[in-house]
Every structure is written in C-alpha cells, then in structure tokens.
Number of protein chains: 2
Amino acid sequence: MQQAIADHIDARLPETIESLKTLTRQPSVSAQRLGVRECGEMTVEMLRGAGFDAELVPTADPDYPGIIAELKGASDKTLLFYNHYDVQPPDPLDEWETPPFEPVERNGHLYGRGISDDKGPIIARLAAVSAVRETLGELPVTIRWCMEGAEEIGSPGFHEFVEANADRLRSDACIWEGGGVNWDGRPLITLGVKGLLYVELECRSAATDSHSSYAPVVPNPAWRLVWALNTLKDPGERVALPGFYDSVRPALEREIEAIAGLPDTSREFLHDLGVEMAVGEASGYEFRRRLIQEPTANIAGFGSGYTGEGAKTVTPAVAKAKLDFRLVPNQNPDEILASLRKHLDAHGFSDVAVSVLSAEHPARTPLDDPFVALVADTARRVYGADAYFMPSMTGTGPQHPVQHILGVPVASCGVDYPGNRIHAPNENIRLDYFRLGVLHAAELITALGE
Amino acid sequence: MQQAIADHIDARLPETIESLKTLTRQPSVSAQRLGVRECGEMTVEMLRGAGFDAELVPTADPDYPGIIAELKGASDKTLLFYNHYDVQPPDPLDEWETPPFEPVERNGHLYGRGISDDKGPIIARLAAVSAVRETLGELPVTIRWCMEGAEEIGSPGFHEFVEANADRLRSDACIWEGGGVNWDGRPLITLGVKGLLYVELECRSAATDSHSSYAPVVPNPAWRLVWALNTLKDPGERVALPGFYDSVRPALEREIEAIAGLPDTSREFLHDLGVEMAVGEASGYEFRRRLIQEPTANIAGFGSGYTGEGAKTVTPAVAKAKLDFRLVPNQNPDEILASLRKHLDAHGFSDVAVSVLSAEHPARTPLDDPFVALVADTARRVYGADAYFMPSMTGTGPQHPVQHILGVPVASCGVDYPGNRIHAPNENIRLDYFRLGVLHAAELITALGE
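About the cut-offs
Residues numbered from 1 in each chain as written. Chains lettered and ligands numbered in written order. Predicted model: local features only at pLDDT ≥ 70, side-chain atom pairs only at ≥ 80, totals over all residues. Buried ≥ 20, exposed ≤ 12 C-beta atoms within 10 Å, placed from the backbone. Helix = DSSP H or I, 4+ residues; strand = E, 2+ residues; numbered from the N terminus. Pairing = 2+ DSSP bridges. Least-squares fit on C-alpha atoms with pLDDT ≥ 70 in both. Contact = placed C-beta atoms within 7 Å. Axes fitted to C-alpha atoms, helices over the stretch in contact; angles between N-to-C directions. Parallel < 35°, antiparallel > 145°, perpendicular 65-115°, else oblique. Expected span 1.5 Å × (residues − 1). Domains from an automatic or database assignment. Nonpolar A, V, L, I, M, F, W, Y, C, P; charged D, E, K, R; others polar. Bend = angle between axes of the 7 residues up to and from the residue. Left-handed = near helix turned anticlockwise from the far one by under 90°. pLDDT = per-residue confidence, 0-100.

Chemist: Now, about the pairing of strand E2 (residues 66–71) of chain A: what can you tell me, with residues and values included?
Modeler: Residue and element names in this part refer to chain A. Counted residue by residue, E2 has 5 buried out of 6 residues, so it is predominantly covered. Sheet topology places strand E1 (residues 53–57) next to E2; 5 bridges connect them, and they run antiparallel. Bridge pairing in E2 links Asp53 to Glu70. In this structure, E2 lies alongside strand E6 (residues 142–148), joined through 5 bridges in antiparallel fashion. In the sheet register, Leu71 faces E6, and the bridge partner there is Ile143.

Chemist: Describe in detail the relation of the copies chain A and chain B, supporting the description with residues and values.
Modeler: Once chain A is rotated about the relating axis by 180° and shifted along it by 0.1 Å, it coincides with chain B to within an RMSD of 0.1 Å. The superposition operator between the copies reduces to a two-fold rotation axis. A shared interface surface links the copies, since 100% of the contact residues of chain A are contact residues in chain B too.

Chemist: Pulling in residues and values, what's your account of the sheet that holds strand E11 (residues 195–204) of chain A?
Modeler: On the basis of which strands lie adjacent, the open sheet formed by 8 strands has the order E16(A)-E11(A)-E15(A)-E13(A)-E13(B)-E15(B)-E11(B)-E16(B) and antiparallel pairing. Each end of this open sheet is capped by a strand with a single partner; those strands are strand E16 (353–360) of chain A together with strand E16 (353–360) of chain B. Neighbouring strand axes in the sheet, compared pairwise and without regard to direction, differ in orientation by 20° on average. Packed on one face of the sheet, helix H10 (residues 333–346) of chain A meets E11, strand E15 (318–327) and E16 of chain A and runs near 25° to E11(A).

Chemist: Break down the environment of B:Asp416 for me, citing the residues and quoting the values.
Modeler: Residue and element names in this part refer to chain B. Looking at the secondary structure, you find Asp416 in the loop between strand E19 (410–412) and strand E20 (428–430). Asp416 sits in the buried class, given 26 other C-beta atoms within 10 Å. When the C-alpha positions of Asp416 and Glu177 are compared, they lie 9.7 Å apart, and in sequence the two are 239 residues distant. Once residues within four sequence positions are removed from consideration, Asp416 is found in contact with Ser116, Gly178, Gly179 and Gly180.

Chemist: Mind laying out the packing of helix H6 (residues 221–230) of chain A against helix H6 (residues 221–230) of chain B, listing which residues take part and the relevant values?
Modeler: Between H6(A) and H6(B), the least distance of the axes is 9 Å, while the angle of their chain directions is 105°. By the criterion of interaxial angle, the relationship of H6(A) to H6(B) is roughly perpendicular. On H6(B), the residues touching A:Val226, A:Trp227, A:Leu229 and A:Asn230 of H6(A) are B:Val226, B:Trp227, B:Leu229 and B:Asn230.

Chemist: So what's going on with helix H13 (residues 431–448) of chain A? Which residues, and what values?
Modeler: Helix length check: H13(A), at 18 residues, gives a terminal C-alpha distance of 26 Å against a target of 26 Å (1.5 Å per residue), a fit within 8%. The element H13(A) is extensively covered by neighbouring structure, given that 15 of its 18 residues are classed as buried.

Chemist: Before we move on, can you summarise the sheet that holds strand E3 (residues 78–84) of chain A with the specific residues and values?
Modeler: All names here are of chain A. The sheet built from 6 strands is open, its strands ordered E1-E2-E6-E3-E7-E19 with mixed pairing. Sheet topology places E1 and strand E19 (410–412) at the edges, where each strand pairs with a single neighbour. Taking the axes of each pair of neighbouring strands and ignoring which way they run, one obtains an average angle of 20° across the sheet. Sheet analysis places strand E7 (residues 173–176) next to E19, joined by 3 bridges and oriented parallel. Bridge pairing links Cys174 to Val410 in E19. Packed onto the sheet, helix H2 (residues 36–49) meets E1, E2 and E6 and runs at close to 165° relative to E1.

Chemist: Go over the domain arrangement of chain A, please, and point to the residues and values.
Modeler: Note on interface size: it is often stated as the accessible area lost on association of the parts. Residues and elements named next belong to chain A. According to the domain assignment, chain A consists of domain 1 (3–193 + 362–448) and domain 2 (195–248 + 295–360). In this structure, domain 1 and domain 2 have C-alpha centres spaced 36 Å apart. Taken together, the contact between domain 1 and domain 2 spans 6 residues of the former and 9 residues of the latter. Split into classes, the residues belonging to the side of domain 1 that touches domain 2 amount to 2 nonpolar, 3 polar and 1 charged.

Chemist: Tell me about the environment of B:Ala387, residues and numbers included.
Modeler: Residues and elements named next belong to chain B. On the secondary structure map, Ala387 appears in the loop between helix H11 (370–383) and strand E18 (388–390). Since 24 C-beta atoms lie within 10 Å of it, Ala387 is described here as buried. Separated by 238 residues in sequence, Ala387 and Gly149 have C-alpha atoms that sit 30 Å apart. Look past the residues within four positions of Ala387 in its chain and what remains in contact with it is Arg186, Pro187, Leu188, Ile189, Ala376, Ala379 and Arg380.

Chemist: So, the interface of chain A and chain B: which residues are in play, and what are the values?
Modeler: Counting residues at the interface gives 64 residues for chain A and 64 residues for chain B. Contributing elements (two or more residues each) for the side of chain A that touches chain B: strand E12 (210–211), H6, helix H9 (284–293), strand E13 (296–305), strand E14 (314–315), E15 and E16 of chain A. The leading source of residues in the side of chain A that touches chain B is E13(A), at 9 residues. Classifying every residue of the side of chain A that touches chain B by side-chain character gives 30 nonpolar, 25 polar and 9 charged.

Chemist: An account of helix H1 (residues 3–25) of chain A is requested, with residue identities and associated values reported.
Modeler: Residue and element names in this part refer to chain A. Spanning 23 residues, H1 covers 33 Å between terminal C-alpha atoms, matching the ideal 33 Å at 1.5 Å per step. Residue Leu13 marks the point of greatest curvature in H1, where the axis turns by about 55°; the proline Pro14 follows within four residues. Ile5, His8, Ile9, Thr16, Ile17, Leu20, Leu23 and Thr24 are the residues of H1 that are buried. Elements that come into contact with the buried residues of H1 comprise H2, strand E5 (109–111), helix H3 (119–136) and H13.

Chemist: Describe the packing of helix H1 (residues 3–25) of chain B against helix H3 (residues 119–136) of chain B, naming the residues involved and giving the relevant values.
Modeler: Residues and elements named next belong to chain B. Two elements in contact, H1 and H3, have axes whose closest approach is 9 Å; the angle formed by their N-to-C orientations is 145°. Note on packing geometry: the crossing formed by H1 with H3 is right-handed. Only Lys119, Gly120, Ile122, Ile123, Ala127, Ala131, Val132, Glu134 and Thr135 of H3 make contact with H1, whose side of the interface consists of Ala4, Ile5, His8, Ile9, Arg12, Thr16, Ser19, Leu20, Leu23 and Thr24. Residues that form the contact of H1 with H3 fall into these classes: 10 nonpolar, 6 polar and 3 charged.

Chemist: Now, about unusual backbone geometry: what can you tell me, with residues and values included?
Modeler: Of note, the bond from A:Asp117 into A:Asp118 is cis; its omega dihedral lies within 30 degrees of zero at 20°. Here B:Pro329 and B:Asn330 are connected by a cis peptide whose omega angle stands at 0°. As for its position among the elements, B:Asn330 is in the loop between strand E15 (318–327) and helix H10 (333–346). Although it is not a glycine, A:Arg33 sits at a positive phi angle of roughly 50°. One can find A:Arg33 in the loop between H1 and H2.

Chemist: Summarise the confidence of the model for chain A; cite the residues concerned and give the values.
Modeler: Averaged over every residue, the pLDDT of chain A is 95; residues scoring 70 or more account for 100%. For this predicted complex, the interface confidence comes out at an ipTM of 0.91, alongside a pTM of 0.90.

Chemist: Let's hear about the pairing of strand E11 (residues 195–204) of chain B: which residues, and what values?
Modeler: Residues and elements named next belong to chain B. Across the 10 residues of E11, 7 count as buried, placing the element largely inside the fold. Bridging between E11 and E15 involves 10 bridges; their strand directions are antiparallel. Within E15, the residue paired with Leu196 across the bridge is Arg326. Pairing analysis gives 7 bridges linking E11 to E16, with the strands arranged antiparallel.

Chemist: Break down the environment of B:Ala60 for me, citing the residues and quoting the values.
Modeler: Residues and elements named next belong to chain B. With respect to the helices, strands and loops of the structure, Ala60 is situated in the loop between strand E1 (53–57) and strand E2 (66–71). When the 11 C-beta atoms within 10 Å are taken as the criterion, Ala60 is described as exposed. Sequence spacing of Ala60 and Gly157 is 97 residues, and the spatial spacing of their C-alpha atoms is 6.3 Å. Ignoring sequence-local partners within four residues, the contact set of Ala60 consists of Gly157 and Glu160.

Below, the structure written as structure tokens:
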C-alpha cells in the first residue's frame, strides 16, 4: 500500500472514531424495533458523505429497511461489503460500566453497544474507502455495499432482499462482517457460517395447570416433552434424527489443515465460561474441530409449570422447548425439519407441535479460492503475520444467499479481537486493532484493483 | 340429635356467618407471611369466647404459631379437631369477582379466600360446640383442638409440634379438615392422605449461559436433566426408581369396595380441566383407583435457558426441575429420596443435585375403624343419605403425625362441596351445605358422648 494511504488513515483516525461514536449513539435495537430506521437513515447519510450512491431499500417489514450503496471505481472489478446496522439489546444494563449508547474511550478501548458488532466495521470500511479514494483520486475497484437492519433477529426476509436486488449486489468477492485478530494479534480470516434450524416444540395436555394430586389421571406435557427430546439425542451427544449426518460433507484436507493450524485456546475458553470439562472431554484439535465441523442439537430453553422459588404442587398444562440445530455443509434446514417431524411422529409424539422460528443454510467459501489468498496476503502485509483460517464461524449468519444467489466468494476482514464481548455488556473494540482493520480494508481494496 | 341443638344452630346461623366473615377478612397468607399471627390471635379469641382454654403455641418459626385449645366435657372421651388458620395466596387477583378478603354472599354462596379452606370448618365446628354446650349445659365429650398456621406451605415443623405437645393433643378420635358432600349432595368421608416427596433437581454446567454456537463443546445441563428425568419414568407412566412400588400395600377389599362405590365423575373432571384423555385412557373405577391408590412422579416445573418469546440462541448454564412424588401406604419419603439419589448416581447422573423441598408420609385410617362407622351414621342422620368413603384424599396433608404419634383414627366431616374452588379465585362455600356441616359436627359430638 502506498504510505500516503496509511498516512491519510492515521491523520483522519480521530475523525473516524468520532463518526463511530456518532453512529453508536443512535440506538438500533432490532429486537425492540428501537431506532432502527433512524440508524439506517444516518448510515445512508454517512455513505453519501463518502461519495456513495446510497439508499434505504424496503424489505418485507418497513421497520427494517435494507441499504444498498455503490461507489464506482476505475476497473470493472467489484467488491461487495456485507454489514448490518442493527444491534443486540443492551440488557443487562446494570452490568455496563458506562451506558451502552454513550460510547466512551478507556485505556485504548472504545465501549458501546454495537461498537464491534457491527458499527465498527462499517465505519472502518468507510474510512478505508475514503482514504484510498482521496489519496488515489479514484477507487481502483467498484465498491458495492449491502446492509440489513434485522441481522440480530435472524435476518428475516434477507434471502428475498438479496434475490430481489441481485443485479445491484452481484460482485467479484464479498467481505463479510466480523474478522480481525486472534488473542496473539495474528489476523483471523473466517470463510463461512454454520446453518441453523431454530424450532419451538410445544406439548399441551390441558386447558389450565392443575393440582398435582390429579397427576395419576392428568397427562403431564413436561414428561411428554422430556420423552420426546430424549429420543432426539442421547448422552453420547449423537443426534438421533434419521439422516441427520447423511448429508454432512466430510472435512476437506485444507479444512483439516486450517483447523490444525489454529492455536489451542480450549483451556482459556472453558475457564472463561466456568466450564469444567468440554463435551466428550475434547481438547486441542478435536475441540476446534467440534466447534467448526460438528452440527448440534441444542436445547436453548425448556419451560413448563412452576419454576419460581420453593414448592408448588402443580401439573403443567403446557411444556415448551426451544431447540437450535447448527448445521454444517451440506445439511439443509428444510430437510432437518422434515426429518424432525417424521421422527417425532414415528416415536409416538405427534402431540408435540413444531414451529420454526429461524432457518438458515450453512455456507462456506473454499480455502483455495483465489480471493482467500488475496485477503491473507494483504493481511500479512498489514499485520506482519500469517493469518489463521477458520473454515467456518461457529455461529450463523445470512451468508448463504450471498454465496449462492450472487455466487460470490466470501471472507472476513475486520476490527474484532476475542475480548470484544459482542452481544454482552461492555462490548468494545481495541483502537489499535481498529486502526489495523482500516488499513487492511484499504490494502485489500488497493490490491484487488491491481 | 335433640331438636333443640338444631334449633340453636339455626337461630345462631346469621351470627355464625358473621364470625366467618370476620375471620375471612383477616388475611393469613402463610406463603407471604401476611397477617398469619394476627389471624392466629383472632382465632384464639374466638375459641376463648366459646369457652375454650386456648393459646398460641410457638413453633420453630415464630411467624407461624400453632394453636392448642381444650374445652372439657362430661365424659372421659376426647375428640380432636385438626384445622389450619392460614390460607393460600389470593392470586390471580383479577379473576376474583369480588375482593378475596372482603367476604360476600351471593346466590346462597359465600365467597372469600379461605372461606372453605379452612376458615369455614373452624367456624362451623365452633358453632356446633357452642350449640351442644349451650343446649345441654355441658359438652358430652372433651374437645381438643390443634391448629397450625403453615399448612399451605407444607406444614414445616408440624411433626415436631405434635411430638412436643402430644400429651395435650392425644384423643380418642380426630376430625380432619375438608369433608362435606359430593356433587349429588351425599356426604363424602375421607380417611387419609397421600404422602409427598417434593424435590428440586438441579444441573449446572457453566458459570453463565453461553452462545449456542459453542454447543459442540459446552455441556448442556438441560439435556443432562432431560436424560436424567427420562430414566425416572417411561411413557408407560411406570416410575423406574428401584423399589418404588415394593412397599406399596395392595388395596384392601374394603378400599376396593369404597372406590367402586364412588360415583363416576371422570368425564366432568376431565372436561373441567380441558383434558382430552386421562392417563392410560383410564375411566370409571380405574380412573378413581388411580387417583386414590396410585403413587406418582410428577414434573411440577422445568426451567432452563430462554423461555420468552421468539428465538435466543443460548446454551443454558443451569437447568432445574421440580418433581413431586405422591406416595401411598406404605411408601416412605425418606426411602424414595435415597432410592432417587442412588438411581441417578447409578445412571451416571451424579452431577444432578437433589434438594428436598417437602416430605410427608402417607396416612390412612382403616375403613373398618369404629370411628368411621360413627361418622357415617351421624352423617346419614344429618344428610339423609349414605356416605361415600374415600380411603384417601388425592392430595397430601400432615395427617401422619396425628395418626402415628397420637395413635388416633382420623376422618373428615366438613362443609365442602366439589365447586368450592379452594386454592383458586372465587373460593366459596354453599350456605346450605355449611349449615349441614355444622349440624353434622354437633351430631358427631353428641353421638360420641353416648
């Protein structure tokens, strides 16, 4: 990269951080429909200020407009940015050291809800685009930008949004949200997401709760749900849904290498969560392999009857469980759902209703895609270290439509570090890593144009 | 019974009902420690007003004093009354047609929290005692009275209370709370209670909830509890605890006859609760047999993770289940507890902690006890109909110490009818049945002295 671009980024850094504070001060809590559109409008204004053609684009729900923006470059190459401008709810509020929507700098960190997920990356990319454009006079590639305002509630309608606007979004490559460095400061490039099937199981046996002295004759839906769930997974952690593992594509050699190359942080990871022993006593490679390659059936919630203090002798009328399946290539949430319904029926649990709360396909960009090499090369130049590769996030995002409707390879390049506490109180970024994230984005834009 | 006693009861009925309203206006919600002692003091004053030696007697918890009272009679025979002066919380308040602690008469019913459970019976017995004493000049038998103020929270310390005061409570027979008539107006005499073991199972696997994307490595306590519970009972409803059924005394011939003699109300019962089909599709005799003879393992509550609206992708740190075992003679809650712990350990669930919230032995008075015949004979004279016999309540009460420490046969004789809605909004008594309950108590006192 030209030194002039780096100098531009550094000269403007205070201003860039002010912009990030401004965007963070605007709440945009999608789960609470709080300030989302206002934040979308503010983001569009910032994009226009940097020279983009930008507009809010309606989605199925008018509270959550998408954003499409474009800034033409000299070559016919096109780079797509994916981000979201909504944030998680700030609760629990009393665990924040400073108010979530009043961003504050402390000891080289910047704190605030959304500062890392996902407003920091938006501002970092804007700063990179401006630095390259103002230094070179023109962008070497066209930048397209796709943002949504409902990522934190599972991106409802995003698939349709991408489909409807495919012509305005199609690009040569996409930089996803997230990305940044690992604990040791080496860059971490993530190349995919797990899929998700999130369902609620409900069993009802009566109109109202009843006195538990009637339990000899009144069917108990909590027992029904315990028995039904028990058929889905055994203590060996193997999911018993027929065909669940059939479509799992075995790990590729490059994926195994990448996972093996990641540092072993299993002890710190478990210590942070207060967990004594990992599932299957996994550690080292197997610990990381599980996180990246293993599909799950997780009970996210189980509620029935009386759960307050002390004793209440009641037979519940209803029992509900929330269950999320994280899926890996090439599992398909629709097939898993069909298998779940069929399995419950076959085991005598047709009284257990299943409703889908969220569904997302897994997606991965192959490690040998040339774009991955470009992201890694530019990272090496900025960070002075080889990148780690995560074949997939452990979590889920709406990457499937981008990879499969737009046909675009996707990688991450961001401002995160492992202590950023996204979705939690005291969400933060480290300003030194934020700066490196801006530099990396600028380096990438420049390199893609060469 | 002498007509004079009945006339006395009828003449004083308005006054008796006023006393019941007064006692009901004094809240005594043991679960909330609300007004309990004040109600105890008011009850003692009423007892003294009727000629009793009466006093509050301390228990382990000073908020819940017991009451012991005595009124000497002409013979050396002694009848014990058991009652409790505390009441259930009135929630949900918005479902009361009139405020729970402002008793109101409507269409031959009297409404208020505790009016049936258990203040109506207290006032009814007081009225009966006064009528007999004032008409005959002296009671034919000595009446002893044992009351507690913590029955609705599981009678903590009642066993010790009876033990400590056994000499002042020992009697020839005991009239329990409850009792009254069935839907058809025929008297219903209940002769026992089920036992109870109420436990909380808790499994914890982490210090805090974590993002469910970590589920491949973070143990899920909700799954652990599902698997543990699944080993306790199968869909066939048979409790799988080793030895659970071993000490169950088979139903006696007289018990089978009594159960067979009860009317079949299973359809109305299920309809009221909005239940389509009873456990095991039981109906008729089997339905009643289950309610009276069958021990249970009931999930009263299961709570883990996120149970609100919508989706939250979380792996819970902790899962808790409340479980109540209703026990029949001769099951022993201490043995069941030991078996539960051993069973969980044997199945690999030593990580599931068990804490006891309540424990009570079952208790029954044999159907062929002469006191039962006396209660039935006097009931026939008052109600003009043969009594039904319930060998046991479906529920639990602290009857074991009375039967086994004091060695006293126990039967019911009360003012209830099946629509009294105890523990629920709009608790009520029917005034005609209340009057018959007073008459029955007076008849019983008189007959016992003969």
